[in-house]
Amino acid sequence: MPKVTVTPEEFKIFSKYILDISGIALDVGKEYLLETRLNPILNRLEFSSYSQLLQKAKSDFKKELENEIIDAISTNETYFFRDKSPFELLQHKIFPDLIDKRSKTNAIPKTTIRLWSAANSTGQEIYSIAMTLIEMGITPDKYNVRLYGTDISDAAIAYASYGVYNKFEVARGLDQRRLNTYFDKQPDDRYKIRDNVRMMAQFKKMNLMKPFVGVGKFDIVLCRNVMIYFTSEDRRKIYQSISKVLEPDGYLLIGSTESLVNDTDLFASQKYLNSVFYQFKE
Ligand SMILES: C[S@@+](CC[C@H](N)C(=O)[O-])C[C@H]1O[C@@H](n2cnc3c(N)ncnc32)[C@H](O)[C@@H]1O
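Note that this is a predicted model, so its numbers are computed, not measured.

Below, the discussion takes up the nonpolar core. Phe14, Leu38, Ile69, Trp116 and Leu252 are the most contacted members of the largest nonpolar core, which has 49 residues in total. Those elements giving two or more residues to this core turn out to be α1 (8-22), α2 (31-45), α3 (50-59), α4 (64-73), β7 (218-223), α11 (232-245) and β8 (246-254). Taken domain by domain, this core gets at least three of its residues from each of domain 1 (8-73) and domain 2 (85-280). Contacts of leucine 38, omitting those with residues within four sequence positions, involve Phe14, Tyr50, Leu53, Ile69, Ala72 and Ile73. Of all hydrophobic cores here, the second largest spans 40 residues; its members include Phe87, Leu90, Val145 and Ile193.

In C-alpha cells:
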C-alpha cells in the first residue's frame, strides 16, 4: 500500500477540517496519526494527496466520506468492565441510592432509571452496565431501565447495535461465567450478546460538539475517555451541556485518568471506596 505523506500546509487545513466536523483536536506532531488512519482511504480512492481527499470530502453532500474520515480518526478503544471500579460504584452505591430515591417519587407504573453513555464506542460500556443491572435484579420486568449509548462514529454505533464480538474482544474484561451467561457463540467463533441484554440498550449517533437536542434528562451520565481529544474550551462547553441534561441529584462518571479540575466548576467530586464520581455542587 503506497504511503502518502501529509505536507505541513495540508496538515494545518486538514486538522482544522477534522476539528470542525468532530471536535477532535489534532495538534502539530500528530501527522503520523492522520497518515496512519487516512492512508487506507487515500489508497482506496487512488488519491495521491491529502488535499484531493479533503476536496472530495467537502464536496460530498451525502457526507459519506466525511463519516468515513470520522470513523477512521476517532479512537474506539474500549473493553468490557473497563477500569472495573466504576461498575462496582454503580452496583454498590449509585444504583441502590437511585432506586431508593426514585421508588419514592416515580414508581408508577415502574421506577425509572435513565443512563447515558455519551461516547459509548462499540457498546462494551453499555452492555457491562446492563449485565451489572441484571445481576442486581434490576431488570425491565420490574423497572423501567433506559440505557442510551451514543457516539460520533457511525461504524461504532452499528457495531454496538449488532452486539457481536470476536474472541479477543470478549477476552478483554469478561470472565467465563459472564461469557456463558450473556452471549451465544456463533458458528464463526464470534459471540452475540443475548436479546435480554441487548434489549435494555438503545444506540444513536450523536456528536458531543453539537447542541444536545431532544436527549431528555438522565440520572447518570458516563463521559469516559473521550474528552482527551478536545480542546479545553470545547471540554468546558460539553460539561456545560451535560449539566443541562443531568437531573439535579444525578451522577457524572468520567474516565479514571481524567479530571474536571481545569474544565468546569459545576460539579463536586465524591469518593466511594476506590471510586470517584461527580454531582452538582450544593
Ligand atoms: C476511547 S473511546 C471511549 C469508549 C468508552 N467510553 C470507554 O471509556 O471505554 C472514545 C469514543 O469517543 C468517540 N468520540 C470522539 N469524538 C466524539 C464526539 N465529538 N462526539 C461523540 N463521540 C465522540 C469516539 O468515536 C470513540 O468511540
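With antiparallel pairing, the three strands of this open sheet are ordered in space as β3-β5-β4. A single partner strand is all that each edge strand has here, and the edge strands are β3 (164-165) and β4 (183-185). Bridge analysis of β4 against strand β5 (residues 191-193) gives three bridges, and the strand direction is antiparallel. In the sheet register, phenylalanine 183 faces β5, and the bridge partner there is isoleucine 193.

Checked against the element boundaries, threonine 78 lands in the loop between α4 and α5 (85-105). Here threonine 78 falls in the buried class, since its relative accessible area comes to 12%. With residues up to four places along the chain from it excluded, the contact list for threonine 78 reads Ser121, Thr122, Gln124 and Arg172.

As a matter of local geometry, the ligand sits amid 23 residues, with Ser22, Thr78, Arg82, Asp151 and Asn225 nearest to it. In this structure, a nitrogen atom belonging to the ligand sits 2.7 Å away from a main-chain N or O atom of serine 22. Within the side chain of aspartate 151, an N or O atom sits 2.6 Å from an oxygen atom of the ligand. Contact with the protein chains covers 99% of the free accessible surface of the ligand, which is 610 Å². Among the residues making up the shell around the ligand, the classes are represented as nine nonpolar, nine polar and five charged.

On to the packing of α5 against helix α6 (residues 124-135), then. Two numbers describe how α5 lies on α6: the axes approach to 10 Å, and their chain directions differ by 45°. One finds that α5 runs oblique with respect to α6. In the crossing of α5 with α6, the sense of the turn from one axis to the other is right-handed. Note on element contacts: α6 touches α5 through Glu125, Ser128, Ile129, Thr132 and Leu133, opposite Phe87, Leu90, Gln91 and Phe95. Of the residues that constitute the contact of α5 with α6, the class distribution is five nonpolar, three polar and one charged.

Its domain assignment divides the protein into domain 1 (8-73) and domain 2 (85-280). Put simply, the middle of domain 1 and the middle of domain 2, counted by C-alpha atoms, are 30 Å apart. Listed as interface residues are nine residues of domain 1 and, on the opposing side, 11 residues of domain 2. Of the roughly 740 Å² buried at the junction of domain 1 and domain 2 (both faces included), carbon and sulfur atoms supply 55%. Run the count over domain 1 and domain 2 and you get zero salt bridges. In this structure, the connection of domain 1 to domain 2 is made through seven residue pairs in polar contact (both at pLDDT 80 or more).

Conventions we followed
- Residues numbered from 1 in each chain as written.
- Predicted model: local features only at pLDDT ≥ 70, side-chain atom pairs only at ≥ 80, totals over all residues.
- Heavy atoms only, no water.
- Core = buried A, V, L, I, M, F, W, Y, C linked by side-chain atoms within 4.5 Å.
- Buried < 20%, exposed > 50% of the residue type's maximum accessible area, 1.4 Å probe, protein only.
- Helix = DSSP H or I, 4+ residues; strand = E, 2+ residues; numbered from the N terminus.
- Domains from an automatic or database assignment.
- Contact = heavy atoms within 4.5 Å.
- Pairing = 2+ DSSP bridges.
- Near = heavy atom within 4 Å.
- Polar contact = N/O pair within 3.5 Å; in protein donor to acceptor, adjacent residues only side chain to side chain.
- Areas by Shrake-Rupley, 256 points an atom, 1.4 Å probe, with all protein chains shown as cover.
- Nonpolar A, V, L, I, M, F, W, Y, C, P; charged D, E, K, R; others polar.
- Axes fitted to C-alpha atoms, helices over the stretch in contact; angles between N-to-C directions.
- Parallel < 35°, antiparallel > 145°, perpendicular 65-115°, else oblique.
- Left-handed = near helix turned anticlockwise from the far one by under 90°.
- Buried area = accessible area lost by both parts, 1.4 Å probe.
- Salt bridge = Lys/Arg side-chain N within 4 Å of Asp/Glu carboxyl O.

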